[in-house]
Amino acid sequence: EYKEIATPSRTKEILKQHGFSFKKSLGQNFLTEPNILRKIVETAGIDTHTNVVEVGPGIGALTEQLAKNAAQVLAFEIDDRLIPVLEDTMSPYPNVTVVHNDVLKADLVGTTKEVFKEELPIKVVANLPYYITTPIMMHFLESDLAVEEMIVMMQKEVADRISAKPGTKAYGSLSIAVQYFMEASIAFIVPKTVFIPQPNVDSAIIKLTKRDKPAVEVTNEKEFFKLTKASFQLRRKTLWNNLIHFYGKDEETKAWLTKSLTEAEIEPSRRGETLSLIEFGRLSNTLEKNR
Ligand code: SAM
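Residues numbered from 1 in each chain as written. Predicted model: local features only at pLDDT ≥ 70, side-chain atom pairs only at ≥ 80, totals over all residues. Heavy atoms only, no water.

Novice: Would you explain the packing of aromatic side chains in this entry?
Specialist: Remark: the centre distance and the inter-plane angle together describe each pair of aromatic rings, the angle taken between the planes. Inspection of every chain in the model, using the stated rule, returns 12 aromatic pairs. Judged by centre distance (5.0 Å) and plane angle (70°), the ring pair of Phe22 and Phe30 falls under edge-to-face. Phe22 sits in the partly exposed class, given a relative accessible area of 29%. Note on Tyr180 and Phe225: the rings are 5.2 Å apart at their centroids and 80° apart in plane angle, and the pair reads as edge-to-face. One end of the pair, Tyr180, is in the loop between helix 8 (173–179) and strand 7 (182–190); the other, Phe225, is in helix 9 (residues 221–231), and 45 residues separate them in sequence. Given a relative accessible area of 2%, Tyr180 falls into the buried group. (Phe/Tyr/Trp six-rings, centres within 6.5 Å; stacked < 30°, edge-to-face > 60°. Buried < 20%, exposed > 50% of the residue type's maximum accessible area, 1.4 Å probe, protein only. Helix = DSSP H or I, 4+ residues; strand = E, 2+ residues; numbered from the N terminus.)

Novice: Which parts of the structure should I look at to understand the packing of helix 9 against helix 12 (residues 277–289)?
Specialist: Two numbers describe a pair of packed helices, the interaxial angle and the distance between the axes. For the pair helix 9 and helix 12, the least separation of the axes is 9 Å and the interaxial angle reads 115°. Crossing of helix 9 against helix 12: the hand is right-handed. Contacts between helix 9 and helix 12 involve Glu223, Phe224, Leu227, Thr228 and Ser231 from the first element and Leu277, Phe280, Gly281, Leu283, Ser284, Leu287 and Glu288 from the second. For the contact of helix 9 with helix 12, a count of residues per class yields 6 nonpolar, 4 polar and 2 charged. (Axes fitted to C-alpha atoms, helices over the stretch in contact; angles between N-to-C directions. Left-handed = near helix turned anticlockwise from the far one by under 90°. Contact = heavy atoms within 4.5 Å. Nonpolar A, V, L, I, M, F, W, Y, C, P; charged D, E, K, R; others polar.)

Novice: Could you clarify how one ought to interpret the pairing of strand 6 (residues 147–155) in this entry?
Specialist: Of all 9 residues making up strand 6, 8 are buried, and the element is well covered by its neighbours. Judged from the 6 bridges that link them, strand 5 (residues 122–127) and strand 6 form a sheet pairing that is parallel. Across the sheet, residue Val124 finds its bridge partner in strand 6, namely Met150. In this view, the connection linking strand 5 to its parallel neighbour strand 6 by way of helix 6 (residues 133–142) has right-handed handedness. Two elements, strand 6 and strand 9 (residues 203–210), share 7 bridges in a ladder whose sense is antiparallel. Counted as the bridge partner of Met153 is Ile205 from strand 9. (Pairing = 2+ DSSP bridges. Right-handed = clockwise from strand over helix to strand, strands pointing away.)

Novice: Help me understand the nonpolar core in this model?
Specialist: Considering soluble globular proteins, one finds that nonpolar side chains tend to be buried as a cluster. Core analysis: the largest hydrophobic core is formed by 60 residues, its most contacted members being Phe140, Met154, Ile162, Leu208, Phe224 and Leu283. Examining the composition of this core, we find that 5 residues originate from one element, helix 6, more than from any other. If near-sequence neighbours (up to four positions away) are discounted, Leu283 is found in contact with Leu227, Leu239, Leu243, Ser260, Leu261, Ala264 and Ile266. Listed in part, the 36 residues of the second largest apolar core include Phe30, Leu66, Ala70 and Ile151. (Core = buried A, V, L, I, M, F, W, Y, C linked by side-chain atoms within 4.5 Å.)

Novice: Could you clarify how one ought to interpret the sheet that holds strand 6 in this entry?
Specialist: Across a sheet, strands are paired by hydrogen bonds formed along the backbone, either parallel or antiparallel in direction. The sheet built from 7 strands is open, its strands ordered 4-3-2-5-6-9-7 with mixed pairing. Strands with a single pairing partner mark the edges of an open sheet, and in this sheet they are strand 4 (96–100) and strand 7. For this sheet the average axis-to-axis angle between neighbouring strands, irrespective of direction, equals 20°. Where strand 7 lies against strand 9, 8 bridges are found, and the strand directions are antiparallel. Within strand 9, the position partnered with Met182 by the bridge is Lys210. Across the face of the sheet, helix 2 (residues 34–44) comes into contact with strand 5, strand 6, strand 7 and strand 9 while running at roughly 160° to strand 7.

Novice: Just checking my understanding: could you explain the site of the ligand for this structure?
Specialist: Taken together, 23 residues form the shell around the ligand, and within it Leu31, Gly56, Glu77, Asp102 and Asn127 come nearest. Residue Gln28 places a side-chain N or O atom 3.0 Å away from an oxygen atom belonging to the ligand. At 3.4 Å from a nitrogen atom of the ligand is found a main-chain nitrogen or oxygen belonging to Ile78. Across the complex, the protein chains shield 99% of the 600 Å² of accessible surface that the ligand would expose by itself. Looking at the shell around the ligand, the elements with two or more residues in it are strand 1 (30–31) and strand 3 (72–77). For the shell around the ligand, a count of residues per class yields 12 nonpolar, 7 polar and 4 charged. (Near = heavy atom within 4 Å. Polar contact = N/O pair within 3.5 Å; in protein donor to acceptor, adjacent residues only side chain to side chain. Areas by Shrake-Rupley, 256 points an atom, 1.4 Å probe, with all protein chains shown as cover.)

Here you go:
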């Protein structure tokens, strides 16, 4: 009788057979609950017309469920000890390609072109290594890879920050960096008890859907992101204090900031966390115009 990889008994068997020991430094917390994996695949809407990129397959618990539903799965795994394990566990699934590489160093466009036989919509599905959640998200967002959706598990706290609305405590430059490109919502919460080893915090599955065009039209994307980062540097200070802290306190800079804030109709006494994406866009555009 065939047992799914994610069942606790099969997971333990595989780990024992390969003498595998977890590396905390690589964020290794493996999912051992087939129902949650199925729910992830369902949320992601994976079918035979979808190619999937996975980050960190581990021993293949999620990879197996993806392989059963997707056209092809490309999985990046950094830990060389897991490569022979995956060769073994993925042998029933010819549509899985494991690439031994740090995903942050991977050429996403080149590798997907090489591996995927058909040009189908691409979705990123992963139980992310928590120590580099944000860098991985940014690596995908900033790459030229056309990702239709990302359905990824991360610490609940980071998922809250990514999906946060203006005026809330969790809202910050990460919310903006992601929501500029994608629509973000939390699909469901995953308790820490379904992992081995158990992490210290609960997790959430976040669903990110690519917007047809960015949430706001900006004349200079790089400067827009600089502005949003700068506006949250000193958390409890006003927007004005953050802006002069970042751009400079000299009279010329102050005049430029005042003129632009007035034109953008944004009160300098507000706090960065109250500004919407649209308002940040407007301010960025007036700053550029008046430079
Ligand atoms: N997908 C498996 C699961 O759900 O049970 C394992 C998830 S575990 C949270 C994270 C995985 O990412 C581990 O297998 C770890 O070795 C791998 N990993 C960590 N850093 C990585 C990196 N920079 N690039 C690729 N994989 C990485």
